[in-house]
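Examination of the molecular architecture
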Amino acid sequence: MTDWQGKHVTVAGLGVSGVPAAKVLSGLGAKVTVVDDGDDERARTQAEELEALGVAVRLGDGDTLPDGTELIVTAPGWRPDKPLFLAAGRAGVPVWGDVELAWRLRGRGGRQAAPWLAVTGTNGKTTTVRMLASILEAAGLRTAAVGNIGVSLLDAVLGGEQYDVLAVELSSYQLHWAPSVRAHSAAVLNLAPDHLDWHGSMEAYAADKGRIYEGNRVACVYNAADKATEDLVREADVVEGCRAIGFTLGTPAPSQLGVVDDILVDRAFVENRHRNAQELAEISDIGAAGARSVAPHNIANALAAAALARAYGVPAAAVRDGLRVFTPDSHRIAHVADVDGVAYVDDSKATNTHAAQASLASYESIVWIAGGLAKGATFDELVAQAAKRLRGAVLIGADRALIRDALARHAPEVPVVDLDRTDTGAMLQAVQEARRLARPGDTVLLAPACASMDMFANYIKRGEAFARAVSELGA
């Protein structure tokens, strides 16, 4: 669509994506109706704001397709099997997400349409996108980290700032509703079961992730240690000449980035890549200054970010400089304190088994604090792989029994403290129990492998509770 005047558009869902989409579409002259299942005070406040702009809002019914709808723009989390979308399918009404809308609106009003360097994966997306933006900035490019990271793509493509290139994080939900997005280059960091209740199957989840490669012009970046990501590259329909670029924690083959003697090296974007390699950075350059160590998965994230930046033509020195100034977000393998020779590490962002596996692999002797809402996950593989590293485990949250049973099967010698409580104060007791199990040289690691909403508003609140509990130990 290029002429929005008078178009009947239904926006599905209020909130961080729906409200901006409704405002943008109304400003373009569309006749906008917003539908939402909620009818609470927050929804009514947002509705009043939109109605003042001439937007119609229907609260308490997000299932019925409004008469005359020509297009639906949906919040990414709304499930594809929702009655609203089934009705749209029967009526031949297309459904876009806010990412698709942003893609269609880029370049309006004579603005330069900044190319997208896009990142998805089960884990590591936000860290990689922020690393990428830091590298691009170090190269002197006008850029921003946007998308699922919490910064609206609509704001990025329509706002007052003119960007040279965008570092874009895309979730599987967003990709599902973004059929025409075509990135300059894109990366799938890893694939592991997640959100299967939404997608319906692992195959459907992987297929939505793989959409990020469709139409890539320069590079499809994949994880050489995760064959499923390479398979998605093979299946993608890309522009002629687009290359498959792997990243590995080992020595890179031609057309890969990897690690040699603690140095990140590029054998993809160099002349005569069969013989030559370009040094990019040292492992010690990654992350916050003074960090005690760099987790293997963050080395992989840095390599993926470097590959996308190099695909865009960024010089090697900018990779190093960008990684040096990058500061990881909170609650992602964050060292909180040392108490009596024991390190306390907050990885509350490890909300699924794949993320927790990477976290547990980063330390040699661990007292593990885990539990929460399992989201349908199983824990046998995770526990079996981590068993030799575990000094002990402290379990909290609604689905802790699933982890307890996996520990009994695969690590029966590991002492387990099962805290039968789901109040927020359980974290203090969990940390105290972990201190009792730990020995000097150990790491007490909060890597829950579960969502937080049974006990906390979000993973941030859970991590903050862990940090407060650790500070009480130090006191």
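Residues numbered from 1 in each chain as written. Predicted model: local features only at pLDDT ≥ 70, side-chain atom pairs only at ≥ 80, totals over all residues. Heavy atoms only, no water.

Under the annotation held in an unreviewed UniProt entry, the protein carries the name UDP-N-acetylmuramoylalanine--D-glutamate ligase and is attributed to Streptomyces thermogriseus. Quoted straight from UniProt, the Sequence similarities (unreviewed entry) entry for the protein says "Belongs to the MurCDEF family." (UniProt positions renumbered as here; feature names shortened; annotations may be inferred.)

Relative orientation of the contacting elements helix 1 (residues 18–27) and helix 2 (residues 41–51) amounts to 10 degrees, with a least axis distance of 11 Å. Taken as axis vectors, helix 1 and helix 2 run roughly parallel relative to one another. Of the residues in helix 2, those touching helix 1 at Val19, Ala22 and Lys23 are Gln46, Glu49 and Leu50. Tallied by class, the residues present in the contact of helix 1 with helix 2 amount to three nonpolar, one polar and two charged. (Axes fitted to C-alpha atoms, helices over the stretch in contact; angles between N-to-C directions. Helix = DSSP H or I, 4+ residues; strand = E, 2+ residues; numbered from the N terminus. Parallel < 35°, antiparallel > 145°, perpendicular 65-115°, else oblique. Contact = heavy atoms within 4.5 Å. Nonpolar A, V, L, I, M, F, W, Y, C, P; charged D, E, K, R; others polar.)

This next bit is on the UniProt feature "domain: Mur ligase C-terminal" (unreviewed entry) in the protein. With numbering aligned to this structure, UniProt lists the feature "domain: Mur ligase C-terminal" (unreviewed entry) at residues 331–450. Helix makes up 32% of residues 331–450 and strand 24%, whereas the separation of the span's terminal C-alpha atoms amounts to 14 Å.

Covered by surrounding structure in strand 9 (residues 185–188) are Ser185 and Ala187 together with Ala186 and Val188, the residues of both alternating faces. Judged from the four bridges that link them, strand 6 (residues 116–120) and strand 9 form a sheet pairing that is parallel. Directly across from Leu117, in strand 9, lies its bridge partner Ser185. Across three bridges, strand 9 lies against strand 10 (residues 219–223) in parallel orientation. Among the inter-strand pairings, Ala186 is bridged to a residue of strand 10, identified as Cys220. (Buried < 20%, exposed > 50% of the residue type's maximum accessible area, 1.4 Å probe, protein only. Pairing = 2+ DSSP bridges.)

Let us now look at the pattern of salt bridges. One pass over the full model with this rule turns up 25 salt bridges. Arg435 is the salt-bridge partner of Asp340, the closest N and O atoms lying 2.7 Å from each other. Note that Asp340 is positioned in the loop between strand 15 (334–339) and strand 16 (342–346) and Arg435 in helix 16 (residues 426–437), a separation of 95 residues in sequence. For Arg435, a relative accessible area of 32% translates into the label partly exposed. Put simply, Arg421 and Asp423 hold a salt bridge, and the shortest N to O gap is 2.6 Å. The partly exposed category is assigned to Arg421, whose relative accessible area is 27%. (Salt bridge = Lys/Arg side-chain N within 4 Å of Asp/Glu carboxyl O.)

Take the sheet that holds strand 4 (residues 71–74) next. Spatial strand order, 3-2-1-4-5: five strands in an open sheet with parallel pairing. On the outer flanks of this sheet lie strand 3 (56–59) and strand 5 (95–97), each paired with one strand and no other. Pairwise comparison of adjacent strand axes, ignoring direction, gives a mean angle of 25 degrees for this sheet. Summarising the sheet, strand 4 and strand 5 pair through three bridges and their orientation is parallel. Of the residues in strand 5, the one forming a bridge with Thr74 is Gly97. The strands touched by helix 3 (residues 83–91) are strand 1 (8–12), strand 2 (31–36), strand 4 and strand 5; relative to strand 4, the strand with the most contacts, the crossing angle is about 150 degrees.

The next subject is a negative patch on the surface. Taken together, the side chains of Asp261, Asp262, Glu279 and Glu282 define an acidic patch exposed on the protein surface. The residue Asp262 is located in the loop between strand 12 (256–260) and strand 13 (263–266) in this model. (Patch = residues over 30% accessible without salt bridge, like charges linked within 9 Å, V, L, I, M, F, W, Y side chains within 5 Å. Areas by Shrake-Rupley, 256 points an atom, 1.4 Å probe, with all protein chains shown as cover. Lys, Arg positive; Asp, Glu negative; His and termini not counted. Charge placed at Lys NZ, Arg CZ, Asp CG, Glu CD.)

Turning our attention to the state of the cysteines. Overall, the coordinates contain zero disulfides when judged by the stated rule. Cys220 carries a free sulfur, and the closest cysteine sulfur to it, the one in Cys242, is 3.8 Å from it. By relative accessible area, Cys242 is classed as buried at 16%. (Disulfide = S-S within 2.5 Å.)

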